[in-house]
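Chains, contacts and geometry: an overview
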Amino acid sequence: MASKSTIVVSVDVGETRVALIENGILSEIFVERERDRSPVGNIYLGKVTRVLPGMQAAFVDVGLDRAAFLHVEDVIPQEDFDKLLTNEDEGGDDEDKADGKENKEERDRDANRLSRKTPIRDVLKEGQTIVVQVSKGPISTKGARVTSHVSLPGRFVVYMPTVDHLGISKRIGNDKERKRLRETVEQMKPSHGGLIVRTVAQGLTKGTLKADIGYLVKTWESVAEKQKTMKRAPQLLYAELDIVLRTARDLLTEDVAKIVIDDRDEYVRLRQFVEAFMPERANDVELYDGSDPIFDEFGIEDEIARSLSRKVPLPSGGYLILDQAEALTAIDVNTGRFTGKGKDVEETIFQTNLEAAKEISYQLRFRNIGGIIVLDFIDMERSNHREKVYKALVNHLKTDKAKTTVVRISDLGLVEMTRKRTRESLGRTLYEPCFYCDGTGHLQSKATICHEILRQIRREKDTLPGFKVVVNAHPAVIDTLQREEKDALTKASARYARQIVLTPRKDYHLEQFDLAGS
C-alpha cells in the first residue's frame, strides 16, 4: 500500500505557506501573503475602461493595481447576465475536468459563449459595469484575466451559473459510480446553471451532495443580491476562501493522511470548516506544538532552497540547468560526472535523459513554471531512445494537475511544451530581480570599467577645469586602476597632460563613476 500524503501549514505573521508532501517528497508549495492575496476566484463588479477592437478584448477595472483583461469569448451580453442574476443561478471551477453528454458546440451554445468573431463593441462599451470573476492572477507585468462565466467550487461539486451542463470528473474511473453520481446529481440540479462533480465525491450520499449544492446556490444568491445594491464600480462581490480553508477544500483528498498546522487559532478555524463540510476527516487535522518551526521539523526549508537552485543535480551525477526568462523557460540536461557503468555512450545519455524527464516534471510542478518551456535533452542517435524518453516525460506529467501540451523530441533532442499558468511561479513569488545587476546576472568587468573611465577622460579633458582630473569610482575599480591598469593610467596621464587623481567611493555602484576638474 502506497504511503499517504501530508499537508503542512505554516502560519507566520503576514504570510501563510502550505506544503504538500507526497511519498516523503515535497511536491508543491503555496504561498499567500496578507498584503497581496491572490484574487483568483474573486467575483467583482467591474468597470470597462478600454475596449480594443483590434484585440477583440477589453480592460476592466476591478480594483486591482492593474486593469484586468477580458476577451470577447469570455463575455456574456449584459441582458443575458441580468437574466441569470434574476434566476439566481450558480457557478464552477476547472480543477476537475469533466466529461458530459453535450458536445462542444452544445456546451458553448448553452453557455451563451460568444464567438471570437463577434465584434467586441457590440457587447461592451467604455464606462459599462460588468460582473466578472478572476480566472488567472496577475503575472509579472500582466494584469489579471477575468471572465463573465462565473464558477463557484465547493467541496464536492463545482457550480456554474452560466452553463447548462452536467459533468463528472474524469478522474472517477468506475463506470458504475459515474452513472450513480450522474443520476443523483440530475435529480438535484438547479433549473439554471450547471454542475461538475469533483473527484472527492465518490461514494457520497445524496444528502451530502445536496448540502454542497445548496451552499453554492445560496452563495450565488448572495452575489446576485449584493450586485443589485452596488451603486458604483469597482466593488468586490465575493472573495474566494483564504489559503488555509482552500487547502482543506481542494487538497484534502483520500490520498492525504493528515493536515498539520502550527497556529492554534487557525487550527480551530480549520477544524470547524472540516467538521462542517467533511466531518469524517475532522480528526485528520492536527495541531503542531513543537519548539522548532514546522517547516524545519519536516525538512521543508532545506528542500525549498535546494529545489529552487538554478542547477539541479540528478541521482546518477548529471544535472539540469533551469533559466526562466520573460517569454519562456529553458531547461538544459547535462551528463556531468555520470559516465555510465559500461562503455556504451549512447546508453549513458539515454539513462541521463530518463532521469531528467522525471526531475523536469517534478521541477515544473514544484516551481509552478508555466507558459512556453523548451527542454534540451542530450542528443540521442537512436530513435527508440527518443521515443522512450518522450513517453517517460508524458507519463511523469500525468501527476500534474496543470494542463500540459508536449511536442515529440526533435532530432536535436529538443522538446517544446506548454504548461497552463494561473498564478506566479514559486521562484518569482519568493525572489525578486537583483537590484545590483538589474536582474541580468552580469556586471561589467572591472577592467572594462577602467578603460571606459580612460575613454571618458579623453572625451571630457578639454571641458574639465584645472590641471587635475578627479576620478570618483567604486573602491574595487580604483584598486584595479592602481594595480592591473597602472601602465594604462600612466600613459593616459602623459598623453592628456593631466594629473589623474583616484578617489574611492564606497557608496558607488561597481559600474558607476564620474569625473571632476580640479
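Residues numbered from 1 in each chain as written. Predicted model: local features only at pLDDT ≥ 70, side-chain atom pairs only at ≥ 80, totals over all residues. Heavy atoms only, no water.

What to know about the sheet that holds strand 23 (residues 468-473)
Note the cut-off: Whether two strands pair depends on DSSP finding at least two bridges between them. By definition, any uninterrupted DSSP run of H or I lasting at least four residues is a helix, any uninterrupted run of E lasting at least two residues is a strand, and each is numbered from the N terminus. A fitted line through C-alpha atoms represents every axis, and for helices the fit uses only the stretch in contact; the resulting angles, taken between N-to-C directions, go from 0 to 180 degrees. Only heavy atoms enter the contact rule, under which two residues are in contact if any of them lie within 4.5 Å.
The strand order across the open sheet formed by three strands is 24-23-25, and the pairing between neighbours is mixed. What marks the edges here is a single partner per strand, and that holds for strand 24 (499-504) and strand 25 (513-517). Within this sheet the neighbouring strands show an average axis-to-axis angle of 25°, counted without direction. Across the sheet, helix 13 (residues 475-482) is in contact with strand 23 and strand 24; its angle to strand 24 comes to roughly 145°.

Quick word on the nonpolar core
What counts, and what does not: Definition used in this section: a nonpolar core is a set of buried Ala, Val, Leu, Ile, Met, Phe, Trp, Tyr and Cys residues joined via side-chain atoms within 4.5 Å. Only protein chains enter the accessibility calculation, which uses a 1.4 Å probe; a residue whose area is less than 20% of its type maximum is buried, one above 50% is exposed, and one in between is partly exposed.
Of all hydrophobic cores here, the largest spans 27 residues; its most connected members are Leu-320, Ile-331, Ile-360, Leu-364, Leu-375, Phe-377 and Leu-393. The element contributing the most residues to this core is helix 9 (residues 345-367), with six residues. What Leu-320 contacts, discounting residues up to four positions off in sequence, is Arg-310, Lys-311, Val-312, Leu-314, Ile-331, Asp-332, Val-333, Ala-356, Glu-359 and Ile-360. Core analysis: the second largest hydrophobic core is formed by 26 residues, Val-150, Leu-152, Leu-166 and Trp-220 among them.

A look at the packing of helix 9 against helix 10 (residues 383-397)
Short version of the rule: An angle counts as roughly parallel when it lies under 35 degrees, as roughly antiparallel when it exceeds 145, as roughly perpendicular when it falls between 65 and 115, and as oblique in every other case. Rotating anticlockwise by less than a right angle from the far helix to the near helix defines a left-handed crossing, while the corresponding clockwise rotation defines a right-handed one. Each residue receives one of three labels: charged for Asp, Glu, Lys and Arg, nonpolar for Ala, Val, Leu, Ile, Met, Phe, Trp, Tyr, Cys and Pro, and polar for the others, Gly being one of them.
Helix 10 packs onto helix 9 with a crossing angle of 20° between their chain directions and a minimal axis gap of 9 Å. Between helix 9 and helix 10, the interaxial angle falls into the category roughly parallel. The way helix 9 lies across helix 10 gives a crossing that is right-handed. Note on element contacts: helix 10 touches helix 9 through His-385, Lys-388, Val-389, Ala-392, Leu-393, His-396 and Leu-397, opposite Glu-346, Glu-347, Phe-350, Asn-353, Leu-354, Ala-357, Lys-358, Ile-360, Ser-361 and Leu-364. The residue makeup of the contact of helix 9 with helix 10, split by class, is nine nonpolar, four polar and four charged.

A closer look at the pattern of salt bridges
Put simply, the test is: Definition used for salt bridges: Asp or Glu carboxyl oxygen within 4 Å of a side-chain nitrogen of Lys or Arg.
The tally for this structure, following the rule as stated, stands at 28 salt bridges. Arg-271 is paired through a salt bridge with Glu-275; the nearest N and O atoms lie 3.2 Å apart. Taken together, the residues span about one helical turn, with Arg-271 and Glu-275 both in helix 6 (residues 264-277) at a distance of four residues. The partner of Glu-303 in a salt bridge is Arg-306, with the nearest N and O atoms 3.0 Å apart. With a gap of three residues between them, Glu-303 and Arg-306 both fall in helix 8 (residues 300-307), about one helical turn apart. Within this structure, Glu-15, Arg-17, Arg-33 and Glu-301 form a network of salt bridges that share partners.

What to know about a negative patch on the surface
Which entries qualify depends on this criterion: Here a patch means residues that are over 30% exposed by relative accessible area and free of salt bridges, tied together within 9 Å if like-charged and within 5 Å if nonpolar (Val, Leu, Ile, Met, Phe, Trp, Tyr). Surface accessibility in these figures is a Shrake-Rupley result with a 1.4 Å probe; residues are shielded only by whichever protein chains are displayed. For the charge count, each Lys or Arg is scored as positive and each Asp or Glu as negative, with His and the chain ends excluded. Where a charge lies is defined by one atom per residue type: Lys uses NZ, Arg uses CZ, Asp uses CG and Glu uses CD.
A cluster of like negative charges, contributed by Asp-292, Asp-296, Glu-297 and Asp-302, occupies part of the molecular surface. Relative to the helices and strands, Asp-292 resides in the loop between strand 16 (285-287) and helix 7 (294-297). Judged by relative accessible area, Asp-292 falls into the partly exposed class, the value being 43%.

Examining the environment of Asp-479
For Asp-479, the position within the fold is in helix 13. Look at Asp-479 and you get partly exposed, because its relative accessible area is 32%. For the pair formed by Asp-479 and Pro-504, sequence separation is 25 residues and the distance between their alpha carbons is 8.4 Å.

Observations regarding the sheet that holds strand 21 (residues 404-406)
Within the open sheet, the six strands sit side by side as 17-18-19-20-22-21. Their pairing is mixed. Each of the sheet's edge strands pairs with one partner strand only, and the pair in question is strand 17 (311-313) and strand 21. Going from strand to strand, the sheet's axes swing by 20° on average, the running direction of each strand aside. Sheet topology note: the strand 21/strand 22 (residues 414-419) ladder contains three bridges and is antiparallel. In the sheet register, Val-406 faces strand 22, and the bridge partner there is Met-417. Strand contacts of helix 10: strand 20 (371-376), strand 21 and strand 22, with the helix running at about 175° to strand 21, the strand carrying the most contacts.

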